[in-house]
Amino acid sequence: MGVKTEPSYRYFWSSHEELRDNYISRLMNISRFSWLLAHVHLNDNLILPRKGCDNYDKPHKIRPLIDKLRSSFRRTCKATKEQAVDESVVKFKGRIAFKQYMPTKPINEATRLGSEQTRTVLFVI
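Below, the structure is looked at part by part. These numbers were taken from a predicted model, which means no experiment stands behind them. (Residues numbered from 1 in each chain as written. Predicted model: local features only at pLDDT ≥ 70, side-chain atom pairs only at ≥ 80, totals over all residues. Heavy atoms only, no water.)

**A few points about the overall build of the protein**
Consideration 1: Of the regular secondary structure elements, the protein holds 4 helices and 3 strands.
Consideration 2: Helices (α) and strands (β) of the protein occur, in sequence order from the N terminus, as α-α-α-β-β-β-α.
Consideration 3: Expressed as a percentage of the 125 residues in the protein, the buried residues total 11%.
Consideration 4: Look at the contacts in the protein between residues 6 or more apart in sequence, and 27% of them connect residues 24 or more apart.
Consideration 5: Counting every atom, the protein has about 11000 Å² of accessible surface; 56% of that belongs to carbon and sulfur. (Helix = DSSP H or I, 4+ residues; strand = E, 2+ residues; numbered from the N terminus. Buried < 20%, exposed > 50% of the residue type's maximum accessible area, 1.4 Å probe, protein only. Contact = heavy atoms within 4.5 Å. Areas by Shrake-Rupley, 256 points an atom, 1.4 Å probe, with all protein chains shown as cover.)

**So, the environment of Ser31**
Consideration 1: Mapped onto the fold, Ser31 is located in helix α2 (residues 30-39).
Consideration 2: For Ser31, a relative accessible area of 52% gives the class exposed.
Consideration 3: Taking the C-alpha atoms as reference points, Ser31 and Arg10, separated by 21 residues in sequence, lie 9.8 Å from one another.

**A short note on the layout of surface pockets**
Consideration 1: By volume, the largest pocket amounts to about 160 Å³.
Consideration 2: Lining of the largest pocket is provided by Leu37, Val40, His41, Leu42, Asn43, Asn45, Lys61 and Ile62.
Consideration 3: For the lining of the largest pocket, a count of residues per class yields 4 nonpolar, 3 polar and 1 charged. (1 Å grid on protein atoms, 1.4 Å probe; cavity = no way out; pocket = protein on both sides within 12 Å on 5 of 7 lines; lining within 4 Å. Points joined across faces, edges and corners; volume = space filled by probe spheres on them. Nonpolar A, V, L, I, M, F, W, Y, C, P; charged D, E, K, R; others polar.)

Structural data, given as structure tokens:
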């Protein structure tokens, strides 16, 4: 379930101190999390295109959320004529689809994150 891996998500609510995660177990009880995991879906898995098809989309399951966020960001962002893109590299050893191998960088296996900033924001201290 993210960074901390357990054989089952139920271990986060275990009564054993070694397995229990107090942060997660204080936020939500296990029955509520199980219900959310079973019932909340953003996209239909039955219409998932097969890998190798022309319309295959890796983030198919969360595509409605991505589209909603993108339209919301476009609506609220007041883009100016001059913009700069800041790029940062984050070290990541796990498996992810958009990880890049960059042999010339100090961190050669990493994930690139880009953030777009307007010129007016760049000079504010």
